[in-house]
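Observations on the three-dimensional arrangement
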2 protein chains.
Amino acid sequence: MVAYVCITMKILLIGASGTLGKRLNAALSPDHEVITAGRSSGDYHVDIRSEDSIRNMFGQCPQPEALICAAASGDMDNFATLTQDALLDNMRGKLLGQISLVLVGQHFLPPGGSFTLTSGVFADEPHIGVTGGGVISGALHSFVYAAALELSPRMRVNAVSPGMLQDSAPQYGALFPGLPAISMDAVVHAYRQTLFTDINGQVLRLYR
Amino acid sequence: MVAYVCITMKILLIGASGTLGKRLNAALSPDHEVITAGRSSGDYHVDIRSEDSIRNMFGQCPQPEALICAAASGDMDNFATLTQDALLDNMRGKLLGQISLVLVGQHFLPPGGSFTLTSGVFADEPHIGVTGGGVISGALHSFVYAAALELSPRMRVNAVSPGMLQDSAPQYGALFPGLPAISMDAVVHAYRQTLFTDINGQVLRLYR
């Protein structure tokens with residue numbers, strides 16, 4: 001007989017006030033110590049576009065065993081007029097910021113620590129108006145492969161790549177008629193898998 | 001009976017003086033009009049990190065029907081000390097520069113025009129010391145999917161993603177013992193496929 005032992009984990013949740021972050025916080029808080037952080041809300045304030053801000057956050061908050069970044073999606077763009085600067089602006093938080101959380105966080109998490117980043121379906125399935133979102137997520141996927149290898153066996157790094165979140169569908173669904181809504185339970189479950197199993201270097205794709 | 005008719009194509013080759021560019025130039029020049037461009041050599045000078053420089057190049061050179069960017073690989077990095085700024089520096093030419101060639105070039109190539117970008121194996125198969133190379137190539141792959149959709153049916157966009165080039169193996173092979181050398185003929189053939197067939201939004205992976 002296998003008994004399921006629930007061990008309380010200290011989880012630093014970045015972006016806890018967003019659509020996805022709220023769900024993750026609600027799902028994990030009953031059994032775990034969730035430390036929240038965000039640009040303008042949460043237990044700790046952090047602007048993930050700045051390595052200094054990330055370093056300050058880690059210096060102040062209790063040492064987390066796991067970090068989840070539930071970053072917001074990239075902005076939409078118009079391909080005919082898209083510029084390098086606009087693309088780079090789009091990349092700063094969602095891509096470079098998430099990467100910086102791992103690059104800085106590798107020096108703060110304990111052995112066995114786990115990073116879970118958030119990408120999205122546009123990495124693999126393009127749609128009109130989200131070139132930046134695709135570039136950001138495709139880059140994140142390859143970053144996860146690289147970071148997992150570099151940090152193994154000391155720490156784990158994974159990503160959850162959802163399609164259209166059920167909670168976002170009322171607002172954004174009409175823009176992407178080809179994308180089915182993905183249940184929030186399924187998405188939350190994917191984050192649980194990255195926290196509570198030994199998977200490493202995985203991109204958990206939830207597209208349909 | 002199908003007769004193969006070789007139609008001369010006007011091809012703008014960026015990075016013509018590099019390891020791969022030299023081979024592509026030699027292979028394509030006998031049957032096609034190859035216009036070469038590079039930072040410090042070639043028929044036209046261009047710094048692909050600058051949209052203005054790219055725009056100047058297109059303004060000066062004859063209108064190409066196809067553009068190939070045979071960009072150099074990204075720099076190597078040390079994950080424990082890697083910073084956002086260093087990663088971004090690495091991304092400027094190889095990622096943002098190649099993206100800019102398409103964003104600017106979409107306004108200069110004629111209908112039916114073709115873009116071929118160059119990525120690499122680290123997008124899909126991580127190795128120690130090439131996190132930047134992975135991020136760059138993974139981002140490029142998703143960019144190709146997006147750009148092909150956005151520009152269809154007006155223009156085509158593809159990428160060739162080689163592993164260790166045979167011509168680079170003497171210099172770099174020892175750093176990546178897991179990577180077999182890929183014959184230059186096979187790599188050149190992949191570029192031919194992007195030029196002379198109707199494939200669009202494809203990443204041609206040559207890994208073993």
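Residues numbered from 1 in each chain as written. Chains lettered and ligands numbered in written order. Predicted model: local features only at pLDDT ≥ 70, side-chain atom pairs only at ≥ 80, totals over all residues. Heavy atoms only, no water.

A short note on the sheet that holds strand β3 (residues 44-45) of chain A
All names here are of chain A. Condition: A pair of strands is labelled paired if DSSP reports no fewer than 2 bridges between them. Note on conventions: DSSP H or I runs of at least 4 residues are helices, E runs of at least 2 residues are strands, and numbering of each starts at the N terminus. In what follows, residue pairs with any heavy atoms lying within 4.5 Å of each other are defined as contacts. To obtain each axis, a line is fitted to C-alpha atoms, and for helices this fit is confined to the stretch in contact; angles are then taken between N-to-C directions over 0 to 180 degrees.
Read across the open sheet, the seven strands follow the order β3-β2-β1-β4-β5-β6-β9; overall the sheet is parallel. Pairing within the sheet leaves two strands with one partner each, and these edge strands are β3 and β9 (203-206). Where strand β2 (residues 33-38) and β3 come together, two bridges link them in parallel fashion. By the bridge assignment, alanine 37 is partnered in β3 with tyrosine 44. Contacts from helix α2 (residues 51-60) reach β1 (10-14), β2, β3 and β4 (66-69), with the element oriented near 150° to β1. Sheet strands touched by helix α6 (residues 184-196): β1, β4, β5 (114-118), β6 (156-162) and β9. Its angle to β6, the strand with the most contacts, is close to 170°.

Considerations on helix α1 (residues 19-28) of chain B
Residues and elements named next belong to chain B. Keep this limit in mind: Any residue under 20% of the maximum accessible area for its type is buried, any over 50% is exposed, and the rest in between are partly exposed; the area is computed with a 1.4 Å probe on protein chains only. In this context, the arc is that of the directions from the helix axis out to the C-beta atoms.
Among all positions in α1, only Leu20, Gly21, Leu24 and Leu28 are buried. Taken end-on, α1 shows its buried residues confined to a sector of 95°, consistent with a single buried face. Opposite its buried face, α1 presents the exposed residues Lys22 and Ala26, each directed more than 90 degrees away. Close packing links the buried residues of α1 with β1 (10-14), β2 (33-38), β4 (66-69), β5 (114-118), β7 (164-165) and α6 (184-196).

Points about the sheet that holds β4(B)
Strands pair in a sheet through their backbones, by hydrogen bonds, and they do so in one of two ways: parallel or antiparallel. Residue and element names in this part refer to chain B. Spatially, the seven strands line up as an open sheet ordered β3-β2-β1-β4-β5-β6-β9, and their pairing is parallel. In this open sheet, the two edge strands, each paired with only one partner strand, are β3 (44-45) and β9 (203-206). Contacts from α6 reach β1, β4, β5, β6 (156-162) and β9, with the element oriented near 170° to β6.

What about the packing of α2(A) against helix α3 (residues 84-105) of chain A?
Residue and element names in this part refer to chain A. How we decide: Roughly parallel covers angles under 35 degrees, roughly antiparallel covers those over 145, roughly perpendicular covers 65 to 115, and oblique covers all other angles. Left-handed describes a crossing whose near helix is turned anticlockwise from the far helix by less than a right angle; the clockwise case is right-handed. Residue polarity is assigned by list, with Asp, Glu, Lys and Arg as charged and Ala, Val, Leu, Ile, Met, Phe, Trp, Tyr, Cys and Pro as nonpolar; anything else, Gly included, falls into the polar class.
In contact at an axis separation of 10 Å, α2 and α3 are set at 50° when each is read in the N-to-C sense. Classed by the angle they form, the pair α2 and α3 counts as oblique. When the axes of α2 and α3 are compared, the crossing they make is right-handed. Of the residues in α3, those touching α2 at Glu51, Ile54, Arg55, Met57 and Phe58 are Gly97, Ser100, Leu101, Val104 and Gly105. The class makeup of the residues in the contact of α2 with α3 is five nonpolar, three polar and two charged.

Concerning α6(B)
Residue and element names in this part refer to chain B. This is how it is decided: In this analysis, the expected span of each helix is defined as 1.5 Å times one less than the number of residues it contains.
Here α6 spans 18 Å end to end across 13 residues, near enough to the 18 Å set by a 1.5 Å rise per residue. Considered for burial, the residues of α6 that qualify are Met184, Val187, Val188, Ala190, Tyr191, Thr194 and Leu195. Down the axis of α6, the sector holding all buried residues measures 150°, keeping them to one side. Exposed residues pointing more than 90 degrees away from the buried face of α6 are listed as Asp185 and His189.

Re the nonpolar core
Going by this rule: For the purposes of this section, nonpolar cores are sets of buried Ala, Val, Leu, Ile, Met, Phe, Trp, Tyr and Cys residues that join through side-chain atoms within 4.5 Å.
Membership of the largest hydrophobic core comes to 83 residues, with the highest contact counts inside it found for Ile14(A), Met91(A) and Ile14(B). Sequence-distant contacts of Ile14(B), that is, excluding residues within four places in its chain, are made with Ala37(B), Val46(B), Ile48(B), Met57(B), Leu67(B), Ile68(B), Cys69(B), Ala70(B) and Leu101(B).

Structural notes on the pairing of β1(A)
Residues and elements named next belong to chain A. We apply this condition: When the strands point away from the viewer and the connection leading from the first strand across the helix to the second strand turns clockwise, the crossover is called right-handed.
Within β1, four of the five residues are buried, leaving the element largely enclosed by the surrounding structure. Here five bridges tie β1 to β2, and the two strands are oriented parallel to one another. By the bridge assignment for β2, leucine 13 is matched with threonine 36. Taken together, β1, helix α1 (residues 19-28) and β2 form a β-α-β motif whose crossover is right-handed. Note: β1 against β4, four bridges, orientation parallel. The residue bridging leucine 12 from the neighbouring strand is leucine 67, located in β4.

Remarks on the state of the cysteines
Two cysteines form a disulfide when their sulfur atoms are joined by a covalent bond. Note the cut-off: Cysteine sulfur atoms are paired as a disulfide whenever they come within 2.5 Å of each other.
Under the counting rule described, the total for this entry stands at zero disulfides over all chains. Cys61(A) forms no disulfide, and the closest cysteine sulfur to it belongs to Cys69(A), at a distance of 14 Å.

Notes on the relation of the copies chain B and chain A
The test is simple: When the copies are superposed, the least-squares fit draws on C-alpha atoms of residues that have pLDDT of at least 70 in both.
It takes a turn of 180° to lay chain B on chain A, together with a shift of 0.0 Å along the axis; the resulting RMSD is 0.0 Å. The operation mapping one copy onto its partner corresponds to a two-fold rotation axis. Considering only C-alpha atoms, the residue of chain B closest to the rotation axis is Ala139(B), which sits at 2.1 Å. When the interface residues of chain B are mapped onto chain A, 100% of them again lie at the interface, so the same face is used by both copies.

Examining the packing of aromatic side chains
All names here are of chain B. For clarity, the cut-off: The aromatic pairing rule takes the rings of Phe, Tyr and Trp, using the six-membered ring of Trp, and pairs them if the centres are within 6.5 Å, calling planes under 30 degrees apart stacked, those over 60 edge-to-face and the rest tilted.
Counted by the stated rule, this structure contains six aromatic pairs over all chains. Ring plane angle 40° and centroid distance 5.1 Å describe the contact between phenylalanine 122 and phenylalanine 176, whose orientation is recorded as tilted. Here phenylalanine 176 lies in the loop between α5 (169-172) and β8 (181-182) and phenylalanine 122 lies in the loop between β5 and α4 (131-151), a separation of 54 residues in the sequence. Side by side, phenylalanine 122 and phenylalanine 176 carry an identical accessibility label, which is buried.

A look at the packing of helix α3 (residues 84-105) of chain B against α4(B)
All names here are of chain B. Contact geometry for α3 and α4: axes closest at 10 Å, N-to-C directions at 15°. When the axis of α3 is compared with that of α4, the two are roughly parallel. Handedness of the α3/α4 crossing: right-handed. From α3, Leu87, Asn90, Met91, Lys94, Leu95, Gln98, Ile99, Val102 and Leu103 reach across to α4, where they touch Gly132, Gly133, Val135, Ile136, Ala139, Leu140, Phe143, Ala147 and Leu151.

Examining the confidence of the model for chain A
Rules: Every residue is assigned a pLDDT by the predictor, reflecting its confidence on a scale from 0 to 100.
Here chain A averages 95 in pLDDT, and 97% of its residues register 70 or above. Model confidence for the complex: the whole-complex pTM is 0.96, and ipTM, which rates the interface, is 0.96.

Concerning the environment of Ile14(A)
When you line up the elements, Ile14(A) lands in strand β1. Sequence-wise, Ile14(A) and Tyr44(A) are 30 residues apart; in three dimensions their C-alpha atoms are separated by 9.2 Å.

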